[in-house]
Amino acid sequence: MRIDVLKLYNFRNYRQLTISFHPQLNIIYGKNGSGKTNLVEAIYVLALSRSFRLVGDKTLIMDDFSKCIIEGKIVDNYVNYYQIILTKDGKKVSIDHNKVAKLSDYISKIPIILFHPDDLRFIKDTPSTRRKTINISISELDINYLKYLNNYNKLLKQRNAYLKQMFINGNSESDYLDILTDKLIKYGILINEKRAEFVNLINSFIDDFYTKISGIEKLEINYISSFNGLNKDQIVDLYKKSLAKDLNFGKTNIGVHMDDLKFLLQNKDLRDYGSEGQQKNAIIAYKFSEIEIFKKLKGCYPILILDDLFSELDSDKIKNILFLLKKDVQTFITTTEVDKFKLLDKLAYKQIRIQDGEVVEESEYERR
Ligand SMILES: Nc1ncnc2c1ncn2[C@@H]1O[C@H](COP(=O)(O)OP(=O)(O)OP(=O)(O)O)[C@@H](O)[C@H]1O
Ligand SMILES: [Mg+2]
């Protein structure tokens, strides 16, 4: 899949822009603060209806305006026109000029894999960040997963609220609690299966990518979950054993909302032992694995965005990563130093220079 044309109105520092992209590689360059990330962010928002930056939608609208529009011509076997309009009151989305009422019917149609410097948090941060990250990854592959998650989270809230009430009332047994627990377990098992499947798939690719970027060292991800290896009865038992604690704390202490992932490099936890560079390369290997999983399960390649990936990498690593780019994967790279990409003699690409929210130069290079 690829984006052919992007149009922006009042998006961040872009007052008005129409730009066509190269089907293979686009290198967006310019000074700090010129609008490089904003441009790839627009593509991301068009696809997923929200930003990867942890901000509210309002910040996407150009200062002093009340509405912004992002439009894209998306090409895969067909050509489709996607549009998203953001106002201070909410967002409206349409495909081929037909309004799409439910956001869930709109998102995930344009698959995107993004690298952003904040992604290092995937390794460094708390389990909750890691869960969020794979939740996004799996949701893009499987619509049902999002439904399971929403149901699970709703039930978890209900169960926690009910536990608190039981504690106040001095109850330790309740049919209603059993019903909630049963449903929670049902969705928990589905989520656990999907996550385990996904991590297995990642592991079938990640080590190879890591080696190609960084040299031979064994990288794998461990999926940690209290549900792993247990059947339903055993899980029900776990909940029974945890009930006294659950009542005391007024919350559910067992379940997939406590899951975690570990990146292991040579069997050592990258979070505790890895250098910045190793962590970054592991994330890149993860992203490239995601691309292959996407192709395997969905039959098409997603769009790849590498925002500010190359700033602190040595030239060997840059070369190795560029070597992994595929001509079938439309890729966007943002950089302040376009000269770093002179070594790109194998790929056809387009260079786009940005200055103050405007494209000031475009040049295309053919494959040599
Ligand atoms: N809602 C908005 N309205 C107007 N300008 C905005 C808005 N949001 C962000 N900006 C401006 O966009 C610019 C930042 O753009 P962006 O993050 O794309 O920069 P960049 O080119 O990626 O820079 P860097 O190289 O530092 O990553 C800033 O000048 C900021 O003031
Ligand atoms: Mg940036």
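Scoring rules and cut-offs
- Residues numbered from 1 in each chain as written.
- Chains lettered and ligands numbered in written order.
- Predicted model: local features only at pLDDT ≥ 70, side-chain atom pairs only at ≥ 80, totals over all residues.
- Axes fitted to C-alpha atoms, helices over the stretch in contact; angles between N-to-C directions.
- Helix = DSSP H or I, 4+ residues; strand = E, 2+ residues; numbered from the N terminus.
- Parallel < 35°, antiparallel > 145°, perpendicular 65-115°, else oblique.
- Left-handed = near helix turned anticlockwise from the far one by under 90°.
- Contact = placed C-beta atoms within 7 Å.
- Nonpolar A, V, L, I, M, F, W, Y, C, P; charged D, E, K, R; others polar.
- Expected span 1.5 Å × (residues − 1).
- Pairing = 2+ DSSP bridges.
- Buried ≥ 20, exposed ≤ 12 C-beta atoms within 10 Å, placed from the backbone.
- Domains from an automatic or database assignment.
- Near = placed C-beta within 6 Å.

Enquirer: Tell me about the packing of helix α6 (residues 175–214) against helix α9 (residues 276–298), and name the residues and values.
Expert: For the pair α6 and α9, interaxial distance at closest approach is 8 Å and the crossing angle is 130°. Accordingly, the angle class assigned to the pair α6 and α9 is oblique. Between α6 and α9 the crossing geometry is right-handed. Mapping the contact onto sequence places Leu-201, Ile-202, Phe-205, Ile-206, Phe-209, Tyr-210, Ile-213 and Ser-214 in α6 and Asn-281, Ala-282, Ile-284, Ala-285, Tyr-286, Phe-288, Ser-289, Glu-292 and Ile-293 in α9. Residues belonging to the contact of α6 with α9 are distributed by class as follows: 13 nonpolar, 3 polar and 1 charged.

Enquirer: With reference to specific residues and values, describe α9.
Expert: Relative to the 33 Å expected for 23 residues at 1.5 Å per residue, α9 spans 33 Å between its end C-alpha atoms, a close match to the ideal helical length. Note on α9: the residue one or two positions beyond its end, Gly-299, has a positive phi of about 80°.

Enquirer: I'd like a description of the sheet that holds strand β8 (residues 112–115), backed by residues and values.
Expert: Pairing is mixed in the open sheet, where 6 strands are placed in the order β8-β12-β13-β3-β14-β15. The open sheet has two edge strands with one neighbour each: β8 and β15 (358–365). Geometrically, the sheet is characterised by an average inter-axis angle of 15° between neighbouring strands, direction not taken into account. Note that strand β3 (residues 25–29) and strand β13 (residues 331–335) share 5 bridges and pair parallel. Counted as the bridge partner of Ile-28 is Thr-334 from β13. Against the sheet, α9 contacts β8 and β12 (303–307), and its axis sits at roughly 175° relative to β8.

Enquirer: So what's going on with the pairing of β8? Residues and values would help.
Expert: Where a strand is regular, its side chains alternate between the two sheet faces. Of the two faces of β8, the one holding Ile-112 and Leu-114 and the one holding Ile-113 and Phe-115 are both buried throughout. Judged from the 4 bridges that link them, β8 and β12 form a sheet pairing that is parallel. Opposite Leu-114, over in β12, you have Ile-305 as the bridge partner.

Enquirer: So what's going on with the sheet that holds strand β10 (residues 260–265)? Which residues, and what values?
Expert: With antiparallel pairing, the 3 strands of this open sheet are ordered in space as β9-β10-β11. Sheet topology places β9 (219–224) and β11 (268–269) at the edges, where each strand pairs with a single neighbour. Bridging between β9 and β10 involves 6 bridges; their strand directions are antiparallel. When the bridges of β10 are listed, Ile-224 appears paired with Asp-260.

Enquirer: Give a description of the domain arrangement of the protein that names residues and reports values.
Expert: Split by domain assignment, the protein resolves into domain 1 (1–111 + 300–368) and domain 2 (124–293). Here domain 1 and domain 2 have C-alpha centroids that lie 30 Å from each other. Listed per partner, the contact involves 11 residues of domain 1 and 11 residues of domain 2. Here the side of domain 1 that touches domain 2 takes 4 residues from helix α10 (residues 315–324), the largest share from any one element. Its residues placed into classes, the side of domain 1 that touches domain 2 shows 7 nonpolar, 3 polar and 1 charged.

Enquirer: Hey, could you go over the site of ligand 1 for me, with residue numbers and the actual values?
Expert: Around ligand 1, the surrounding shell holds 16 residues, and the nearest of these are Asn-13, Asn-32, Lys-36, Thr-37 and Asn-38. Of the residues that constitute the shell around ligand 1, the class distribution is 2 nonpolar, 10 polar and 4 charged.

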